[in-house]
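Each chain, letter by letter, is given below.
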Amino acid sequence: MTTNRKRISGRLEHLPRGAVIVTDAGDHWVLEDYEPSNNDFGFEVTAEGIVVGFDRLRVEWLGQVPA
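Residues numbered from 1 in each chain as written. Predicted model: local features only at pLDDT ≥ 70, side-chain atom pairs only at ≥ 80, totals over all residues. Heavy atoms only, no water.

*Asks:* Outline the pairing of strand β5 (residues 56-64), supporting the account with residue identities and numerical values.
*Replies:* Relative to β5, strand β3 (residues 28-32) runs parallel, the two being bridged by three bridges. Paired with E32 across the two strands is R58, which belongs to β5. Connecting strand β4 (residues 44-53) to the antiparallel partner β5 that follows it, the hairpin turn spans two residues. (Pairing = 2+ DSSP bridges. Helix = DSSP H or I, 4+ residues; strand = E, 2+ residues; numbered from the N terminus.)

*Asks:* Outline the sheet that holds β5, supporting the account with residue identities and numerical values.
*Replies:* On the basis of which strands lie adjacent, the closed barrel formed by five strands has the order β1-β2-β3-β5-β4 and mixed pairing. Going across the sheet, the axis of each strand differs from the next one's by a mean of 55 degrees, ignoring polarity. Inspection of the sheet shows β4 paired to β5 by eight bridges, in the antiparallel sense. Note that in β5 the partner of I50 across the bridge is R58. (Axes fitted to C-alpha atoms, helices over the stretch in contact; angles between N-to-C directions.)

*Asks:* Summarise the nonpolar core; cite the residues concerned and give the values.
*Replies:* Core analysis: the biggest nonpolar cluster contains eleven residues, these being I8, L12, A19, I21, W29, L31, Y34, V45, A47, L57 and V59. Contributing elements (two or more residues each) for this core: β1 (5-15), β2 (18-22), β3, β4 and β5. Excluding residues that lie within four positions of it along the chain, V45 makes contacts with I8, S9, G10, L12, I21, L62, G63, Q64 and V65. (Core = buried A, V, L, I, M, F, W, Y, C linked by side-chain atoms within 4.5 Å. Buried < 20%, exposed > 50% of the residue type's maximum accessible area, 1.4 Å probe, protein only. Contact = heavy atoms within 4.5 Å.)

*Asks:* Go over the pairing of β1, please, and point to the residues and values.
*Replies:* Taken together, the seven bridges between β1 and β4 define a ladder with antiparallel strand orientation. From the neighbouring strand, G10 faces β4, where its bridge partner is V45. Examined bridge by bridge, β1 and β2 share five bridges and lie antiparallel to one another. When the sheet's bridge partners are listed, L12 is paired in β2 with I21. The hairpin formed by β1 and β2 contains two residues between the paired strands.

Everything listed is a geometric property; what it means functionally is a separate question.
Right, here's the structure in full:
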């Protein structure tokens, strides 16, 4: 079992580095292995996966937070 698993919640945005979750604290997490549709951006989401860099998450699961 790996200790690098992480669950992150925040707003899904498209930045020059790609798809990013911006948390309420202002942290930016770049999402790897995830290609969102244009309709997904701007919504609150939760993603779970493996931390593969200082600010990168290899996504295993992502879902929208209910409004």
